[in-house]
Amino acid sequence: MVPYNRIFLKLILGLFKRWVNNLISPIIFQEKFKIINGQTLIDISRNELYTYNKYASGGFCYFIIDVLSSDQILNVGSESGNFVDFWGYDQKAINYSHAIYSLDINTNRGQFPVTIENGLINITLNLNCFVLQTNVEIISLPNYYSKRLPLAPLNMFIFKGLKYYLQYFPEQYTNSLTPISFNSFPQTGQLFSDGFSVMLELYENSNDILPSLLEYNITSNFIYEEFNYNYIINKYPNVSSEQEINEIGYGYTPFVTITLQSTSEDDLAVVFFTSMNDIAPTPIYSNLTHTTYLATIGFDVKGDTTYDSYIKNGEDYIPLTNDSVKIKKKEINDISYTGIYENLDPSVSKNPLFTSGINVSSQYDFSEYVYLLSSSFDYKAQLSWPYGFEKGSNDQYTLKHSFLIATESIFNNFFYLEILQKDNYQYFHYIDTDTYPSSNIYLDSLEIIWLYEFKFLFRFGFNSSVQIGRIEINQKSYRQENLVLSTYAPSPSTQPPLQTFNKNLRASENNGIVYYEIVVDTVFYFPSEYYLQDIHSNYISYYINDYLNANPESIIEVPKILKDVDIYSVSNIEYLYNDVDITNSSVSNIIYFNFSNQFVEPNRPMALVLLDRVSTNNLKNTDDGDELIGTSKLFYSKWNSTKKMFQIEFTIPANTQSGVLPWFIAFSSEYLITQASVRRPSFLFSSPILNNQNNLDYSRLYSSFLKSSDQLYVKTNNFDAYGPIFSNITSIVEKDYVGWILRISDPINGFSYGDITVRGEKDSSIYNFHLTPSVALGTGDRWNSDYELRINLNSTVCITQNYIITKVKLFDTQGNRASFSVSGSFVEPLENPFINFLDNPDINKVTYDCISPLSDTTGPELYSFEVIPGSTFEFSFSAIDRESGIKPNQRPIVYLSTIQFQTLQCVSEISFSNETFANYSCSIEIPYGFGFIPNGEYIVSVYGFINNAGYYSGFSTETLNSRGYNCIFNATQPQPRLSITRTSSFNENDDQLWIFGGEFNIPTISYQNVSIEYSNGEKQSLSISKSYSSSLLISGIKSTRESFTIQVIFYDEFNNPINKSNIYTVHPIKSNFIQPKPIPIPNNPTVECKGSPVCGGEKNGYCSKSVGCICYSPWVGLDCSSKVIFIPTPIPNVSQPTSEIPILENDVDDYLYKSIISVVSLRELDFNLNVVNNYIFDKWNQTKINSFTNQYITDIIVSPSVLSNNQETTTTVNVTLQWFKDEKDITFANQKLNMKPSSIKYTIEISNYQFKSRLNQLQLILSASFQSSNTEGICSKKEFGETTSTDNSNYMKIQVGDHSLYGRFIKRAIIDKSIKSVQNEIVNETSLYNYERSASSDYSFIGITIPYYRESIILDPDFSVLLDSSKVSKSDQGSICNGGDSGSSKSGLSKGQLAGIIIGAVGFATVIVISVIYHFWKNKKDAKFNNQMQNKLKEIK
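Conventions adopted
- Residues numbered from 1 in each chain as written.
- Predicted model: local features only at pLDDT ≥ 70, side-chain atom pairs only at ≥ 80, totals over all residues.
- Heavy atoms only, no water.
- Helix = DSSP H or I, 4+ residues; strand = E, 2+ residues; numbered from the N terminus.
- Buried < 20%, exposed > 50% of the residue type's maximum accessible area, 1.4 Å probe, protein only.
- Contact = heavy atoms within 4.5 Å.
- Areas by Shrake-Rupley, 256 points an atom, 1.4 Å probe, with all protein chains shown as cover.
- Disulfide = S-S within 2.5 Å.
- Pairing = 2+ DSSP bridges.
- Polar contact = N/O pair within 3.5 Å; in protein donor to acceptor, adjacent residues only side chain to side chain.
- Core = buried A, V, L, I, M, F, W, Y, C linked by side-chain atoms within 4.5 Å.
- Phe/Tyr/Trp six-rings, centres within 6.5 Å; stacked < 30°, edge-to-face > 60°.
- Lys NZ or Arg CZ within 6 Å of the ring centre and 35° of its normal.
- 1 Å grid on protein atoms, 1.4 Å probe; cavity = no way out; pocket = protein on both sides within 12 Å on 5 of 7 lines; lining within 4 Å.
- Points joined across faces, edges and corners; volume = space filled by probe spheres on them.
- Nonpolar A, V, L, I, M, F, W, Y, C, P; charged D, E, K, R; others polar.

Bringing the overall build of the protein chain into the picture now. Scanning the protein chain for helices and strands turns up 8 helices and 107 strands. A buried classification covers 56% of the 1437 residues belonging to the protein chain. For the protein chain, restricting intrachain contacts to residue pairs at least 6 apart in sequence, the fraction spanning at least 24 positions comes to 71%. Total accessible area on the protein chain stands at roughly 60,600 Å², and carbon and sulfur atoms take up 47% of it.

This is the structure in structure tokens:
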């Protein structure tokens, strides 16, 4: 046997090596341990900078130092006198030779050595209590532009340039956080405040504020835009303020809706001030023209609820309504009772059977009852009717129920009964039992093993003498049925756990240690506390950083996989798809990202949560019993080894809100991040507008923290965030049945499924209806259909009573829910499907008047009751009622309960029935370990028998036992059971699957595998990659969209199967990676061949029936009658984008022709096509590219908007003019174009532009004018239309005499690197630019409308000068003629023909005056005309 001192010396040397390698001290070397004559004193604190360095708060510093000592700590002091103000300690762990002490040391400011003594030896540590010195730089916020009041959720506010510099700390610990931000305001505040202020305070950790650092107020005013929308406000029900409104169900109050002529769900500027609270209306519907919002008007206990509503208009408030409502609140009845019965019988079972009963005289209103057995912990069960209802009808009944009481408890027992939604107990009993002597329990070991995502396996080790009752993690209790008994024999393929905390693992394996495994999802709540309780109610709690043992040192630490992440270093965000069209279709997508200033492990878990209104509805509506939040709706990260980036696949629900889709990424538990981040101070935000202070959350990255280019944009023609509703209700009363015809409407998403419960008001009879579109009446559809609820009755054996719809849950295809409950089972007033019928509180009732009601005041009698116990309990029983008969289609429920009030329910099936007699049966599979403790028992009761006279009956365990029925059984001892209970989620393209259950890891078997059978019959056998008793991992699954089954099989050494699990079905999650629908690029229709001769004759072109005229070069035009004029290369103007192009022809005439082509303006239009911004350029930077190409660049300053975080932004406009001397084919936007000789092409590129709204568009305006010096005997005209289908463009032609300027505008552009459609039209700009039409000159303005974009746009029009075969004459439509043999005629276009505001394009662009002057010389004598044209050019700058 190795001597103890050698083992201990080895331990000490190991600790010494670890500490020396990592020792950090800013001043001098610290004497952190001593060993003298076998005595020990060692500093075992976390070797972190913040352990020994603090900033003073209130003049003091607070240190926590952990030491391992062989004797009690006697003193902590310093040679500096009063540096140590006071100290104390807690003993954290102890064994036979050592103890761990946690020392609390409070010091004054300064930096001094501190000595710790245990009587025999001492150690010295240097503790530094600094005065915090900072240099803070803050840039104030700009004014915030908004159409909404600050109580509505807003985007974050950024404090740019906020930095702090910590004196004395090394540089690597100096932190700079930009931006510092918070995500939203709460729902109340100073609504009329002109702005808000934020106070920043610096923290070192959550408990230690540093007020000396900073108290800085930043004020930013809210500047509201003018409100110019039409609106409609409706009240539900629409009754006068004098008329009382009865709530149809508990908490379901009246509504107000507001419908705005707006297509943005975020532009609401309406607020309600009620006598109860301030309401921010919630958007529920939107289409291409209107948005509807919903607000509830709550009940005011002081009287009528008054409310005012206003619209914020600029700096003013416009009152909309001033109204009040009288609400008669639906109350939940208290239990009025007499004749209390209680009996404690210790003789019928191993544990005393306590039975409680009362006679109730108040009306039962279908409330949910909550039963509690309380000792040190409340054993609670929320049970609906019929549990406990022994006899009577709903106007007078008896409650009676039996419970097992633990006699071996260290606490006394109480029984309570309360009603859900009521704050007080209805009645309670004190149960006098003997108490059990208390004893200590402890945890022997704890292993935390990361599995996947945020799922961790917790393996607890207890001494076999500890009879564990429950383990509580994250406020959830895990009892025997939740705990998997672990063999603790990992297979060779199992990777080692991340953390193992135990006292002496090797010794424990030989000393009767029992291990239990629990798999917990920790995505938001990594457990900081582990509460353990045995069956006698002895308990103990362990926390993160607690010690399990003193020697060797064993501490509970957070998993290393959850290493702290700087959320502000997330960078390079991109999406598989952006600008996603989600109209009527969900779309799968992928977000990619990286980290800029730290290394993050590729397997580090991260979770994406979508925050659009439909996704948050789904989170709220998810019935996920395993977590506090519907974590099945979260999306988790993977490492993309090809892109070297993290990626998260997610699905965007159809028809959610347009615009930016908000989200956040959860990196870990906020507790963990806070604990791991104490090395750096955090910031606190407070404001008069906030209810409380808001700490910066380091655990979540909100998308609103990021710049606009990192946002995900979606668009839809419809928005739907409200569940299906009843649009028509017709009650039915016939001789032998009653019911309703319900029309369920959901015009956007469509109805998916629903469940409706109807109850008899007197006898509590239950009728459940499950509805899907397949059971709709007639040929209805999912958007608007009728459904029948029919309750069959017998008019000869009946009673008169109301039948009431008591519960409703309706879901649309995207998971939006409408819900209703009469009695507070759930209260969601914003989800009321009866929204259209709130003026009729009886709309959910139908009355059946029985002609000859029965008279029978006793319920059915139990005729037989048999139980076959086992791993599955089987029940068969019968009832009889000879007076009024058994009511048909009512199914009693058997309840099986444990000593801890865990209760299983078994709803019976009717195997036989006649008028007076019925047989029932059902079975319950007992979960592994359910209710098992030493001397544990199950008790059985049965309730819910109803007769035709309206009376019911039930039988408690005491009553069953008194009648001789077997109803008390020994709890089933957990037997090894190979079983699958659930799996990880499986996407169709996954190849791995985690399987959860029990008994997966048996050391005596030879090997195990998983058998898979796919839907097509194909089978596959996979080996186990990782294996634990509660969980295992398999890899190699084939991609599939169809369900498949799995089964775990054990084999012996001869390859024979010796054990098989149950067969479990896996349902893959189907992705919908649909490439966003591109806007279709239009194709020009076939044009009829024109001209006389057709197409200019055989030398000019030919006619194609599918295209139109196809012209031979140099002929152009719809009829090939115009010819391109060959012009020498123009000389560029270096000061402005203007070129003069001379040409000399040897004709008789002596006239000068000039054309001017200008990019006039770039403007932003709103969705009503109003101009909201217009920019004109006057300064350009010109660069000569080559002899034929010149580039002109200018910048515009775009004014602040909400989308630009209220910052000015710069947009660059780049125009390239390229001259084509010869004919050439080019390609632009995947379209082949033929460039004629002597033509000029404009390539116009506009960089990122910050729109005022994502509904807006840009419109680029170009002008073209053509003029001749000849003013006599001449005509002019202009045309605009579509070219032939060969180039799918629009053309513009201005002709004066026999010359013309021809422009081609293709119908496509490159927008955000994608080819998208644009629209070209003639627009009317005569009010802005001084152009005049005449016989010798004409002009056109062409608008190119560009949809909303994020990065850049590229346009590519081109122009040529033509010589036409014939001159313009007065007979040509739209021509203007003057003098000569042409006569005097003026045939101008109307204003309606000239105007053409482009729909769909709203933009913010600049006026580019890029002018190309074509001089067509017949002679050089007209200098006056030349001067006139130059003056006109100046006018349009």
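Turning our eyes to something else, we now look at the state of the cysteines. In this structure the tally under the stated criterion is 7 disulfides. Paired by a disulfide, Cys-1095 and Cys-1109 hold their sulfur atoms 2.1 Å apart. On the S-S bond that ties Cys-1095 to Cys-1109, the torsion sits near -85°, and the link is left-handed. With Cys-1095 in the loop between strand S79 (1064-1066) and strand S80 (1101-1104) and Cys-1109 in strand S81 (residues 1108-1111), the pair connects residues that are 14 residues apart, well separated along the chain.

Take the sheet that holds strand S43 (residues 580-581) next. Strand order in this open sheet of 3 strands is S43-S53-S48, and the pairing throughout is mixed. At either margin of the open sheet sits one strand with a lone partner, and together these are S43 and strand S48 (659-660). In this sheet, strand S53 (residues 713-715) lies alongside S48 in antiparallel orientation, the contact comprising 2 bridges. Within S53, the residue paired with Val-660 across the bridge is Tyr-713.

Where strand S6 (residues 84-94) lies against strand S7 (residues 99-108), 9 bridges are found, and the strand directions are antiparallel. Looking at the pairing, Gln-91 lines up with Tyr-101 of S7. Between S6 and S7, which pair antiparallel in sequence order, lie 4 residues.

Attention now goes to the environment of Ser-286. Within the secondary structure layout, Ser-286 lies in strand S19 (residues 282-286). Between the C-alpha atom of Ser-286 and that of Thr-716, which follows or precedes it by 430 residues, the distance is 9.4 Å. Of the polar contacts made by the side chain of Ser-286, one reaches the backbone oxygen of His-290; its length is 3.3 Å.

We now examine the pairing of strand S60 (residues 801-812). On a regular strand, each side chain points to the face opposite its neighbour's, so the side chains alternate between the two faces of the sheet. Within S60, 10 of the 12 residues are buried, which leaves the element mostly enclosed by the surrounding structure. Bridge count between strand S57 (residues 751-760) and S60: 9 bridges; the pairing is antiparallel. Its bridge partner lying in S60, Val-758 is registered against Ile-805. In this structure, S60 lies alongside strand S62 (residues 845-848), joined through 4 bridges in antiparallel fashion. Residue Tyr-803 lies in a different strand from S62, and its bridge partner there is Val-846. Where S60 meets strand S61 (residues 817-821), 5 bridges bridge the pair, whose relative direction is antiparallel. The residue bridging Leu-810 from the neighbouring strand is Ala-818, located in S61. Turn length for the S60-S61 hairpin, with the two strands adjacent in sequence and antiparallel, is 4 residues, and the turn residue Gly-815 shows positive phi of about 90°.

Omega for the bond connecting Tyr-236 with Pro-237 falls within 30 degrees of zero, at 0°, which places this linkage in the cis form. Locating Pro-237 in the fold gives a position in the loop between strand S14 (231-236) and strand S15 (244-246). The phi angle at Asn-545 is positive, at roughly 80°, despite the residue not being glycine. For Asn-545, the location among the structural elements is in the loop between strand S39 (539-543) and strand S40 (547-549). Looking at Asn-545, the relative accessible area reads 26%, which means it is partly exposed.

Within the largest apolar cluster, 72 residues are counted, with the highest numbers of intra-cluster contacts made by Tyr-369, Phe-726, Val-758 and Tyr-803. The biggest single contributor to this core is S60, with 5 residues. The contact partners of Tyr-369, leaving out residues within four places of it in the chain, are Ile-335, Tyr-364, Ala-381, Gln-382, Leu-383, Phe-389, Tyr-397, Leu-399, Leu-417, Glu-418 and Ile-419. By size, the runner-up hydrophobic cluster in this structure holds 49 residues, among which are Ile-1127, Leu-1262, Ile-1274 and Ala-1335.

All chains considered together, the criterion is met by 62 aromatic pairs. Their ring planes at 25° and their centres at 5.6 Å tell us that Tyr-531 and Tyr-539 sit as a pair that is stacked. What makes Tyr-539 partly exposed here is its relative accessible area of 47%. One aromatic cluster is present, formed by Phe-865, Phe-873, Phe-875, Phe-877, Tyr-920, Phe-930, Tyr-938, Phe-945, Phe-955, Tyr-965 and Phe-969 through successive ring pairs. Over the aromatic face of Tyr-1339 sits the side chain of Lys-1278, whose NZ or CZ is 4.7 Å from the ring centroid.

Mapped onto the elements, Ser-1238 comes out in the loop between strand S92 (1231-1235) and strand S93 (1239-1246). When its relative accessible area of 1% is taken as the criterion, Ser-1238 is described as buried. In contact with Ser-1238, not counting residues within four places along its chain, are Ile-1125, Phe-1126, Ile-1127, Trp-1219, Phe-1220 and Lys-1221.

Any empty space left between the atoms is revealed when a probe the size of a water molecule rolls over them. Using the criterion set out here, one finds 7 cavities of 30 Å³ or more in the structure. Looking at the second largest cavity, its volume works out to about 50 Å³. Every residue lining the second largest cavity is listed: Phe-1305, Ile-1306, Arg-1308, Val-1318, Asn-1320, Ile-1344, Leu-1355, Asp-1356 and Pro-1357. For the lining of the second largest cavity, the per-class residue count stands at 6 nonpolar, 1 polar and 2 charged.

As a further point, take the environment of Ile-799. Mapped onto the elements of the fold, Ile-799 is located in the loop between strand S59 (784-792) and S60. Between the C-alpha atoms of Ile-799 and Ile-851, which are 52 residues apart in sequence, the distance is 8.4 Å. Ile-799 has contacts with Lys-762, Asp-763, Tyr-848, Cys-850, Pro-853, Asn-948, Ala-949 and Gly-950, leaving out every residue within four places of it along the chain.

Any functional reading would require information that these geometric values do not contain.
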